[in-house]
Amino acid sequence: MICQPVPHRLPTGNHPLQFVIALRAIAATIIVWHHFAIYPPLREWAAPLLGDVLDWLAQNARTTQVFFVVGGYVMARSMSARCWSMRRIRSFVVQRYCRLGLPYLGAIAMILPIYVLARDWLPEQVVGQAPTLPQLLAHLFFLQGILGYEQLSAGLWFVCINFQLGLVYAASLWLRDTVGRGKVDFVGLLGWPLLAFSLFYFNLNDAWDSWWLYFFPYFFMGIVIHRSVRGEAHKLEFWLCLLLFVGAMTFEWRWRLLSALLVGLLLFVVERRGLGARWPQMRMVSWLGKISFSLFLVHFPVLVLVGTVWTRLDWVSPAAGVTGLFVAYGLSLLVAELFYRFVERPAARLYRQKPRTEADGDVFRPAPRKGLRAPVFDTR
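About the thresholds
- Sequence positions are assigned chain by chain, starting from 1 and proceeding in written order.
- Two thresholds apply to this predicted model, a pLDDT of at least 70 for residue-level local features and 80 or more for giving and counting side-chain atom pairs, whereas whole-chain, interface and lining totals are computed over all residues.
- For side-chain calculations, the full set of non-hydrogen atoms in the structure is used, while hydrogens and water are omitted.
- Salt bridges are counted wherever a side-chain nitrogen of Lys or Arg sits within 4 Å of a carboxyl oxygen of Asp or Glu.
- Three exposure classes are used, based on accessible area relative to the maximum for each residue type with a 1.4 Å probe and protein chains only: buried under 20%, partly exposed in between, and exposed over 50%.
- The secondary structure listing takes helices from DSSP runs of H or I that are at least 4 residues long and strands from runs of E that are at least 2 residues long, numbered from the N terminus.
- Axis definition: a line fitted to C-alpha atoms, over the contacting stretch in the case of helices. Angles run 0 to 180 degrees between N-to-C directions.
- Any angle that is under 35 degrees is reported as roughly parallel, and any over 145 degrees as roughly antiparallel; angles of 65 to 115 degrees are reported as roughly perpendicular and all others as oblique.
- What makes two residues a contact is simply this: any of their non-hydrogen atoms within 4.5 Å.
- Gly is put with the polar residues, along with every residue not named as nonpolar or charged; the nonpolar set is Ala, Val, Leu, Ile, Met, Phe, Trp, Tyr, Cys and Pro, and the charged set is Asp, Glu, Lys and Arg.

Explain the pattern of salt bridges to me, please; I cannot follow it from the model alone.
Pairs can form between side chains of opposite charge whenever their charged atoms are close. As enumerated under the stated definition, the model contains six salt bridges in all. Where Arg176 meets Asp177, a salt bridge forms, and the shortest distance between an N and an O atom there is 2.9 Å. With relative accessibility at 9%, the residue Arg176 sits in the buried group. Across the salt bridge formed by Arg227 and Glu237, the nearest N and O atoms sit 2.9 Å from each other. Of this pair, Arg227 sits in helix α10 (residues 212-230) while Glu237 sits in helix α11 (residues 237-251); the two residues are ten residues apart in sequence, bridging distant segments of the chain. Pair check on accessibility: Arg227 and Glu237 agree, each one buried. A network of salt bridges, in which partner residues are shared, links Asp185, Arg227 and Glu237.

What follows is the structure in structure tokens.
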């Protein structure tokens, strides 16, 4: 048999991802303040006191690529050792929708009544047009960007792209285990050409930013980090990935590529040295990392709500604007904690409560024999 059950999970799947949690915490915090620095009215009122800081955050605090790098690493870590069949693909789609889609729908349900309160008080840049039924249906299936509908809340596009990337990676694993019968590395065989095409074509054209191809370089870097740390690939594979990133930045400068490269390099070094399971040990960072996805989803509805209240009460002074931003941040943390407890965590557990068949169980590929590597790139 190509894939056989083994009594235990592979060792690297057991230790906690403390460093990954820290990266998520930092990235989520930066993204929150990036959005706070973009959307009126609070940022406009606070500008006389925090103008330079807000301008810098608006221009430079873009860290969604960090989530894609980390997401690729975590997915490869949890998925690559399993044996993939069509039934597992179907189970993965359901599981992924529970994990991502239900919190995403919860965030939409949260923002819609807030828009009703804010419609006559905040600018259209914030509240947008009144949602239509086709727009809501497109959001239900993660298709709003592809079909050209306006996003109902900041950050929802990220969930759509993350869902697409997960499907693409699962499909490459299915090809590896069915078409390739475990002997052809379809992840590398397809991933490397797609990485090159994306870096030098798709990622240069914003018209592609509703499709996974635009963001594939960040995600694939995370996969490559896992393959290199686990010894499943040639030892030069990660450095080849970095070289392609450098070449793409030389071809046309993109700040987002540099930030992904730096985060990927840091993640590779930390995981390679075995530090990722225990560093950094900080309760606040761990908590922020735990609620990072919820914080990512709920901070914009909270910002709109606080902006509406401040507008109605005519608190429009610079000091009131600064206070409103910090109130919005503190309230976002509180709401994110509640959202994690009552929406995100139950949604993640929903699929696990479903009775599993033998094909849905934890069936793993046997670990490669010592001294053998998966066929990736022969860079020798």
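What's the story with the packing of helix α4 (residues 86-118) against helix α14 (residues 292-312) in this structure? I'm lost.
For any two helices packed against each other, one specifies the crossing angle of their axes together with the interaxial distance. Closest axis-to-axis distance for the α4/α14 pair is 9 Å, and the angle between their directions is 5°. With respect to each other, α4 and α14 are oriented roughly parallel. When α4 is examined against α14, the residues Arg99, Leu100, Pro103, Tyr104, Ala107, Met110, Ile111, Ile114, Tyr115, Leu117 and Ala118 are found in contact with a partner set consisting of Phe293, Leu297, Val298, Phe300, Pro301, Val302, Val304, Leu305, Thr308 and Arg312. The residue makeup of the contact of α4 with α14, split by class, is 18 nonpolar, one polar and two charged.

These results come straight from atomic positions and should not be treated as a statement about function.
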